[in-house]
Amino acid sequence: MSVSTQTIPLFPLGTTLYPDGLLDLKIFEVRYLDMIKECVRDNTPFGVVTINQGSEVRQPNEQLSLMSFGTLAHIAEFEAVQPSLFFIRCQGGQRFRLNQYSQEKNGLWIGEVELMPDDKSCAIPEHVQDMAQRLGEIIVGLKGRGLSEAQIPFASPYLLDDCAWVANRWCEIMPISAAQKNHLLSIDHPLIRLELAKELLEQLEQGDTPLN
């Protein structure tokens, strides 16, 4: 059975986007201004991939290497503040495996990707139920500070009974390395992802690492 691949524009970042996650971006480089215009015009996503080595802003003669997994970013909000400055809000879609990538003359990165299956709906078992409870408390706390839904860093509906949704939100907010975030993104089974997130959270807390 042959693997289906497709070619998409890439946006390398120092962070990791997860399915259903929110990502706010300020676009000012010409290569990305053109890419976003095309995505808005054609209603197509682009790929967010985590940088392994290099920087987000283009540097002369810099070697950029990317992690092996990424997520499709769908543009949910678009504002052209100026012809050379866009503000966009994206929401994470399907995960993908990055098979190979190359850079075009204008500096834009293009990747050949293999889309991964969507996470299956999975109820949260008892041994990780505290992860959902604590995430719910964080959301209630943010609302208690007077934040609107648009200001909360999680998109509603808040699926606190779903392993993938809860795991992905913890993966976003935990202060772990880029390699750890990308590894968690690569895991197909949402319960395993949540169990690993719980282990990492416990390790952070045992080391007295604050979570913001």
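The shown structure was predicted, so the numbers you read here are calculated from the model rather than taken from an experiment. (Residues numbered from 1 in each chain as written. Predicted model: local features only at pLDDT ≥ 70, side-chain atom pairs only at ≥ 80, totals over all residues. Heavy atoms only, no water.)

1. Section: the overall build of the protein chain
Regarding its fold elements, the protein chain presents five helices and six strands. Starting at the N terminus and ending at the C terminus, the protein chain contains elements arranged as β-β-α-β-β-β-β-α-α-α-α. Radius of gyration (C-alpha) of the protein chain: 18 Å, near the 17 Å computed for a compact globule of 212 residues. Structurally, the protein chain occupies a C-alpha span of about 50 × 45 × 35 Å along its principal axes. For the protein chain, buried positions account for 44% of its 212 residues. For the protein chain, contacts bridging at least 24 residues in sequence account for 67% of all contacts bridging at least 6. Accessible surface, the protein chain as shown: approximately 11,400 Å² in total, 49% of it carbon and sulfur. Looking at charge distribution, the protein chain has the averaged site of its 17 positive side-chain charges lying 5 Å from that of its 28 negative ones. (Helix = DSSP H or I, 4+ residues; strand = E, 2+ residues; numbered from the N terminus. Rg over C-alpha atoms; globule rule 2.2 N^0.38 Å. Buried < 20%, exposed > 50% of the residue type's maximum accessible area, 1.4 Å probe, protein only. Contact = heavy atoms within 4.5 Å. Areas by Shrake-Rupley, 256 points an atom, 1.4 Å probe, with all protein chains shown as cover. Lys, Arg positive; Asp, Glu negative; His and termini not counted. Charge placed at Lys NZ, Arg CZ, Asp CG, Glu CD.)

2. Let's talk about the packing of helix α4 (residues 178–186) against helix α5 (residues 190–206)
The interhelical angle for the contact between α4 and α5, taken along N-to-C directions, is 155°, at an axis separation of 9 Å. The pairing of α4 with α5 is recorded here as roughly antiparallel in orientation. Both α4 and α5 take part in a crossing whose hand is right-handed. Side by side, α4 and α5 meet where Gln180, His183 and Leu184 of the first sit next to Arg193, Leu196, Ala197 and Leu200 of the second. (Axes fitted to C-alpha atoms, helices over the stretch in contact; angles between N-to-C directions. Parallel < 35°, antiparallel > 145°, perpendicular 65-115°, else oblique. Left-handed = near helix turned anticlockwise from the far one by under 90°.)

3. Observations concerning α5
In an α-helix, one full turn covers 3.6 residues, which means residues spaced three or four apart are oriented alike. The terminal C-alpha atoms of α5 lie 24 Å apart, and with 17 residues this matches the ideal 24 Å at 1.5 Å per residue to within 8%. Within α5 the residues assigned to the buried category are Pro190, Leu191, Arg193, Leu194, Ala197, Lys198, Leu200, Leu201 and Leu204. Contacts made by the buried residues of α5 are with β5 (85–103), α2 (129–144), α3 (163–173) and α4. (Expected span 1.5 Å × (residues − 1).)

4. Brief notes about the side chain of Lys181
Mapping Lys181 onto the fold places it in helix α4. Within the buried core, Lys181 has no salt-bridge partner, and the shortest N-O distance to an opposite charge, that of Glu172, equals 8.1 Å. Within the structure, the side chain of Lys181 is placed 3.2 Å from the backbone oxygen of Glu172, a separation counted as a polar contact. (Salt bridge = Lys/Arg side-chain N within 4 Å of Asp/Glu carboxyl O. Polar contact = N/O pair within 3.5 Å; in protein donor to acceptor, adjacent residues only side chain to side chain.)

5. What about the pairing of strand β3 (residues 46–53)?
Most of β3 sits out of view: six of its eight residues are buried. In this sheet, β3 lies alongside strand β1 (residues 6–13) in parallel orientation, the contact comprising four bridges. Residue pairing for β3: Leu10 is matched across the bridge by Gly47. As paired strands, β3 and strand β4 (residues 65–82) are joined by six bridges and run antiparallel to one another. By the bridge assignment, Gln53 is partnered in β4 with Ser65. (Pairing = 2+ DSSP bridges.)

6. Some details on unusual backbone geometry
The omega torsion of the bond from Ser156 to Pro157 falls at 5°, within 30 degrees of zero and hence cis. Here Pro157 lies in the loop between α2 and α3. Positioned with a positive phi, Asp20 is a non-glycine residue whose angle comes to about 70°. Relative to the helices and strands, Asp20 resides in the loop between β1 and β2 (22–27). Given the relative accessible area of 35%, Asp20 is considered partly exposed. We note that Asn43 has phi near 55°; this positive angle belongs to a residue other than glycine.

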